[in-house]
Amino acid sequence: MSPLIEMSGIHFGYPGRPPVLKGVDLRLEAGERLCLTGANGAGKSTLFHLVVGLLRPSQGRILAFGGERKAEADFHEVRRRAGLVFQDPDDQLFCPTVAEDVAFGPLNLGRSRAEARAIVADVLDRLGLGHLHDRVTHKLSGGEKRLVTLAAVLAMDPDVLLLDEPTNALDEPTTERIVEILGGLKQAMIVISHDPHFRRRIATRTLRLEHGRLETPQPKCSHAIGEKG
Ligand SMILES: Nc1ncnc2c1ncn2[C@@H]1O[C@H](COP(=O)(O)OP(=O)(O)OP(=O)(O)O)[C@@H](O)[C@H]1O
Ligand SMILES: [Mg+2]
């Protein structure tokens, strides 16, 4: 079966800055929960922005959902089918209330108001966020915003999830809930996380971004032993 996402030989640098990615190869297959780690500034978020076409590589090929993606129009389908949870929730939430933010995606995909209302109620309930339904989004705490961005992406029922540090700012019980939720989802996903414990709980495979390339991490110390990948 062809992979859902395949990147090969990806090079990228921001204008006037040294290269960030120098030959990244990545494949995501159905059913995988691929974790990405790597130092601050290694280029992990940049890699996600390349997958969905917010940035374009200077070299390399991106295949997604069975086709090569080059032009802006090619990436419209990728953005519809790959749900990106941004590292910074403020890049994602822009509606006055939580319910409107979570409804935005389904409405944009052509769902009726009634359908969108039902999806919002269901997704917030699944994430244990029903109490946030009518809250003003920009007045939420950091962790609450994080959870609402995940709800907003799940509401669109994408084929692939791209989660950029989904447990950042979350307390332990909430992180546990995210582990359970992600483990119960049918979608393949790529998850960026600095948390080795979280990665061990959810990953079917882990790669490390280092020196502009993705590598299989070698266990160096006791807490890294057991990391799948
Ligand atoms: N818009 C931009 N313009 C110029 N440089 C940028 C831009 N965005 C990111 N960078 C730089 O590109 C490099 C990679 O950034 P990126 O955000 O992808 O790292 P990251 O691996 O996600 O880091 P973190 O773990 O801190 O989130 C960093 O050196 C960063 O300073
Ligand atoms: Mg990042």
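Notes on the structure follow. (Residues numbered from 1 in each chain as written. Chains lettered and ligands numbered in written order. Predicted model: local features only at pLDDT ≥ 70, side-chain atom pairs only at ≥ 80, totals over all residues. Heavy atoms only, no water.)

This next bit is on the site of ligand 1. The local shell around ligand 1 holds 14 residues, among which G41, K44, S45, T46 and Q87 are the closest. Residue G41 places a main-chain N or O atom 2.8 Å away from an oxygen atom belonging to ligand 1. With respect to ligand 1, the side chain of Q87 contributes an N or O atom lying 2.8 Å from an oxygen atom. Residues of the shell around ligand 1, tallied by class, amount to four nonpolar, seven polar and three charged. (Near = heavy atom within 4 Å. Polar contact = N/O pair within 3.5 Å; in protein donor to acceptor, adjacent residues only side chain to side chain. Nonpolar A, V, L, I, M, F, W, Y, C, P; charged D, E, K, R; others polar.)

In this section: the sheet that holds strand 1 (residues 5-12). Strands sit in the order 2-1-4-5 across an open sheet of four strands; the sheet is antiparallel. Edge positions in the sheet fall to strand 2 (21-28) and strand 5 (67-68), since each of these pairs with one other strand and no more. Across two bridges, the pairing between strand 4 (residues 59-64) and strand 5 is antiparallel. Opposite L63, over in strand 5, you have E68 as the bridge partner. In this fold helix 1 (residues 44-51) packs onto strand 1, strand 2 and strand 4, with an angle of close to 120 degrees to the strand it touches most, strand 1. (Pairing = 2+ DSSP bridges. Helix = DSSP H or I, 4+ residues; strand = E, 2+ residues; numbered from the N terminus. Contact = heavy atoms within 4.5 Å. Axes fitted to C-alpha atoms, helices over the stretch in contact; angles between N-to-C directions.)

Turning to the sheet that holds strand 7 (residues 160-164), a few remarks are in order. Sheet strands associate in pairs through backbone hydrogen bonding, adopting either a parallel or an antiparallel arrangement. Spatially, the six strands line up as an open sheet ordered 6-7-8-3-9-10, and their pairing is mixed. The sheet is open, and its two borders are formed by strand 6 (82-85) and strand 10 (213-215), each paired with just one other strand. Strand-to-strand twist in this sheet, taken as the mean axis angle between neighbours without regard to direction, amounts to 20 degrees. For strand 9 (residues 205-210) and strand 10, the ladder comprises three bridges, and the chain directions are antiparallel. Following the sheet pairing, R208 is matched in strand 10 by E215. The strands touched by helix 1 within the sheet are strand 3 (33-37), strand 6, strand 7, strand 8 (188-192), strand 9 and strand 10, with strand 7 carrying the most contacts at an inclination of about 150 degrees.

Moving on to the pattern of salt bridges. Under the counting rule described, the total for this entry stands at 14 salt bridges. In this structure, R27 and E29 form a salt bridge, with 3.0 Å as the shortest nitrogen-oxygen distance. (Salt bridge = Lys/Arg side-chain N within 4 Å of Asp/Glu carboxyl O.)

Its identity is not glycine, yet F65 carries a phi of approximately 50 degrees, on the positive side. Looking at the secondary structure, you find F65 in the loop between strand 4 and strand 5. The phi torsion at D157 lies on the positive side, around 45 degrees, for a residue other than glycine. By the element assignment, D157 lies in the loop between helix 5 (142-154) and strand 7.

With that settled, the discussion passes to the coordination of the magnesium ion (ligand 2). Protein-derived coordination of the magnesium ion (ligand 2) comes from S45 (OG) and Q87 (OE1), at a distance range of 2.1 Å. Here S45, found in helix 1, pairs with Q87, found in the loop between strand 6 and helix 3 (98-108); they are 42 residues apart in sequence, far enough to count as distant. Under the relative-accessibility criterion, Q87 is labelled partly exposed at 35%. (Donors = N, O, S within 2.8 Å, 3.2 Å for Na, K, Ca; no water. Buried < 20%, exposed > 50% of the residue type's maximum accessible area, 1.4 Å probe, protein only.)

Contact geometry for helix 5 and helix 6 (residues 172-183): axes closest at 12 Å, N-to-C directions at 15 degrees. The pairing of helix 5 with helix 6 is recorded here as roughly parallel in orientation. Like other packed secondary-structure pairs, helix 5 and helix 6 cross with a definite hand, here left-handed. The residues of helix 6 that touch helix 5, namely those facing L147, L150 and L154, are T174, R177, I178 and I181. (Parallel < 35°, antiparallel > 145°, perpendicular 65-115°, else oblique. Left-handed = near helix turned anticlockwise from the far one by under 90°.)

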